[in-house]
Amino acid sequence: MQKFWKKITGRGESEQPAEPATSPPEPSEPATAAAAAEPVKAAPAAQQAQAVETVASSGAGSAQPVKRSWRERLSGSGFARNLTSLFVRHPRLDDELLDELETTLITADVGIAATHELVEDLRRRMHKREFADANALLDALRTALITMLQPVAQPLQVSGRKPFVLLVVGVNGVGKTTTIGKLARRYRDEHRHVMLAAGDTFRAAAVAQLQEWGARNSVPVIAQGQGADSASVVFDALQTAQARGIDVLIADTAGRLHTQAGLMNELAKVKRVLGKVDASAPHEVLMVIDGTTGQNAISQVRQFRDATGVTGLVVTKLDGTARGGVVFALAREFGLPIRYVGLGESAQDLRTFDPVAFVDGLLPARLTG
Ligand SMILES: Nc1nc2c(ncn2[C@@H]2O[C@H](COP(=O)(O)OP(=O)(O)O)[C@@H](O)[C@H]2O)c(=O)[nH]1
Ligand SMILES: [Mg+2]
């Protein structure tokens, strides 16, 4: 188990103190003029440590970068390229095409059982002469892939509660903080009052990274120093959010602590503490998964689900990866809603999960000849 944990966290222990604050690349957004820090008193009942809040004054919402299509974002991924080249190399309907399709899907981490089922169904239909040509088979594949994803395409509704509390969990490096930054931007653009809580207190850089996203988007960030009790930061943030009539509170958490059990305990505690302030909170436990980790994602979800009661997923880094098939494997294995997917590093690249756009981004449009 310990070995597995090392594997999924995927980074050497030694790198941790030196890790720089990742500054999210958003070249089209000019740096905020005056990132006037506005210190705010902690809510009265907040626990011992004094919360520090930073908020930038303005500068958000300037020139919007062009939002690129799913196909543009996904066509460069290894998965899409492999699918396209498969149909180019096998323009005719035969068993070889299906054998290679099977290999391609398994290589992309769709999962052996799901792939086998899908390919054998296509094979049976092909032998019954249901498909006139490879285009017809491509259509059937498209439909089958979309059908696998449709049940998990359940967008997150954040309007029902005030504040709506999102607890974001997942192993180190998967894109939690980046996703929170992108969500802050999205909800703010929807004219909601957003607040962030820097619950990853394990690494100093994590707090700075969240504060930078907050400053960039004029969204307040509740933070305490490195090493502070994560549950206390989040507790404090929820009380402050309630007092200020915030619409959406998004809490970041650590993806790695000294031990795996320690992390799971901390996350469970954070969740419990939120429940003390608002019995219905958190309203969403959003688990972020790195789409390039392949089948490993399955064991990660199982573990976080058991410890924190995950209610929704975000799959990041689907741009560029050859292993994006894990989205299908996750859908089949857990049936948990996939709320968003990450198709790149800028704020616009976090998309509400859309199975049709996703599958169309992966498959070749139409075969010629
Ligand atoms: N290409 C790509 N990179 C991403 C995406 N989401 C996050 N990243 C990058 O992944 C790295 C780790 O992200 P971070 O948010 O710090 O992960 P955390 O440790 O889970 O908080 C950063 O360099 C991000 O820019 C995505 O959708 N696509
Ligand atoms: Mg982080």
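Bear in mind the structure is a predicted one, so any value in this text is a computation, not a measurement. (Residues numbered from 1 in each chain as written. Chains lettered and ligands numbered in written order. Predicted model: local features only at pLDDT ≥ 70, side-chain atom pairs only at ≥ 80, totals over all residues.)

Trainee: Any chance you could explain the overall build of the chain here in plain terms?
Mentor: Check the secondary structure of the chain and you find 13 helices and nine strands. When burial is assessed residue by residue, the chain has 46% of its 369 residues classed as buried. A fraction of 79% describes how many contacts in the chain between residues 6 or more apart in sequence connect residues 24 or more apart. (Helix = DSSP H or I, 4+ residues; strand = E, 2+ residues; numbered from the N terminus. Buried ≥ 20, exposed ≤ 12 C-beta atoms within 10 Å, placed from the backbone. Contact = placed C-beta atoms within 7 Å.)

Trainee: Explain the site of ligand 1 to me, please; I cannot follow it from the model alone.
Mentor: Close to ligand 1 lie 20 residues, the nearest being Gly175, Lys176, Thr177, Thr178 and Gly342. Among the elements that line the shell around ligand 1, the one with the most residues is helix 7 (residues 176-189), at three residues. Along the lines of polarity and charge, the residues of the shell around ligand 1 split into four nonpolar, 11 polar and five charged. (Near = placed C-beta within 6 Å. Nonpolar A, V, L, I, M, F, W, Y, C, P; charged D, E, K, R; others polar.)

Trainee: Would you explain the confidence of the model for the chain in this entry?
Mentor: Low-confidence regions, as indicated by low pLDDT, have predicted coordinates that should not be scrutinised in detail. Overall, the prediction assigns the chain a mean pLDDT of 84, with 82% of residues at 70 or greater. Scored below 50 in pLDDT, residues 1-51 makes 76 contacts in the model with residues more than four places away or belonging to other chains. Across residues 55-62 the pLDDT falls below 50, and counting only partners more than four positions away or on other chains, this stretch makes 24 contacts in the model. (pLDDT = per-residue confidence, 0-100.)

Trainee: Would you mind going over the pairing of strand 6 (residues 284-290) with me for this structure?
Mentor: Looking along a regular strand, one sees side chains alternate from face to face of the sheet. Most of strand 6 sits out of view: seven of its seven residues are buried. Both strand 2 (residues 164-169) and strand 6 contribute to a ladder of four bridges, which runs parallel. When the bridges of strand 6 are listed, Leu166 appears paired with Glu284. When strand 6 meets strand 7 (residues 312-316), the two strands line up parallel, connected through five bridges. (Pairing = 2+ DSSP bridges.)

Trainee: Would you mind showing me how to read the environment of Ala231 here?
Mentor: Turning to its location among the elements, Ala231 is positioned in helix 9 (residues 230-243). Overall, Ala231 belongs to the buried group, with 22 C-beta atoms counted inside 10 Å. Separated by 31 residues in the primary sequence, Ala231 and Asp200 have C-alpha atoms spaced 9.8 Å apart.

Trainee: Would you explain unusual backbone geometry in this entry?
Mentor: Cis geometry marks the peptide bond from Lys162 to Pro163, where omega comes out at -5°. With respect to the helices and strands, Pro163 occurs in the loop between helix 6 (134-149) and strand 2. Cis geometry is adopted by the peptide bond preceding Pro282, which originates at Ala281 and carries an omega value of -5°. Structurally, the position occupied by Pro282 is in the loop between helix 10 (260-277) and strand 6. Unusually for a residue other than glycine, Arg129 sits at a positive phi of about 60°.

Trainee: Looking at this model, I keep getting lost on helix 9. Mind explaining?
Mentor: Note: α-helices contain 3.6 residues per turn, so residues at a spacing of three or four share the same orientation. Helix length check: helix 9 (14 residues) gives 20 Å between terminal C-alpha atoms against 20 Å at 1.5 Å per residue, within 8%. Here helix 9 lies mainly inside the structure; 12 of its 14 residues are buried. Those residues of helix 9 that sit buried are Ser230, Ala231, Ser232, Val233, Val234, Phe235, Asp236, Ala237, Leu238, Gln239, Thr240 and Ala241. Buried residues along helix 9 sit against strand 2, strand 3 (194-199), strand 4 (221-223), strand 5 (248-253) and helix 10. Gly245 occupies a position one or two residues after helix 9 and carries a positive phi of about 65°. (Expected span 1.5 Å × (residues − 1).)

Trainee: Explanation requested: the pairing of strand 2 in the structure shown.
Mentor: In terms of burial, strand 2 is a largely internal element, six of the six residues being buried. Side chains of strand 2 alternate between two faces, with Phe164, Leu166 and Val168 and Val165, Leu167 and Val169 buried alike. Inspection of the sheet shows strand 2 paired to strand 5 by four bridges, in the parallel sense. Note that in strand 5 the partner of Leu166 across the bridge is Ile250.

Trainee: I tried to follow the environment of Arg186 on my own but got confused; where do I start?
Mentor: When you line up the elements, Arg186 lands in helix 7. A sequence separation of 161 residues divides Arg186 from Ala347, and the C-alpha atoms of the two residues are 7.7 Å apart.

Trainee: Is there a simple way to explain the nonpolar core in this structure?
Mentor: In summary, soluble globular proteins display a tendency toward joint burial of nonpolar side chains. Residues Leu167, Leu196, Val234, Ala237, Leu249, Ile250 and Met287 are the most contacted members of the largest nonpolar core, which totals 96 residues. At seven residues, helix 9 tops the list of elements feeding residues into this core. Setting aside chain neighbours within four positions, we find Leu249 in contact with Pro163, Val165, Met195, Ala197, Ala237, Leu238 and Ala241. (Core = buried A, V, L, I, M, F, W, Y, C linked by C-beta atoms within 7 Å.)

Trainee: Sorry if this is basic, but what is going on with the packing of helix 6 against helix 12 (residues 326-334) here?
Mentor: Each pair of packed helices can be summarised by the angle the axes make with each other and by the distance between the axes. Viewed as axis vectors pointing N to C, helix 6 and helix 12 meet at an angle of 50°, and their least axial separation amounts to 8 Å. By the angle between their axes, helix 6 is oblique relative to helix 12. Facing helix 6, whose interface residues are Leu145, Met148 and Leu149, helix 12 presents Val327, Phe328, Ala331 and Arg332. Looking at the contact of helix 6 with helix 12 residue by residue, the class counts come to six nonpolar, no polar and one charged. (Axes fitted to C-alpha atoms, helices over the stretch in contact; angles between N-to-C directions. Parallel < 35°, antiparallel > 145°, perpendicular 65-115°, else oblique.)

Trainee: Which parts of the structure should I look at to understand the packing of helix 9 against helix 10?
Mentor: At a minimum axis distance of 9 Å, the contact between helix 9 and helix 10 shows a crossing angle of 25°. Taken together, the axes of helix 9 and helix 10 lie roughly parallel to each other. Where helix 9 crosses over helix 10, the two elements pack in a sense that is right-handed. On the side of helix 9, the interface is formed by Ser230, Ala231, Val234, Phe235, Leu238 and Gln239, while helix 10 contributes Glu266, Lys269, Val270, Val273, Leu274 and Val277. Among the residues making up the contact of helix 9 with helix 10, the classes are represented as eight nonpolar, two polar and two charged. (Left-handed = near helix turned anticlockwise from the far one by under 90°.)

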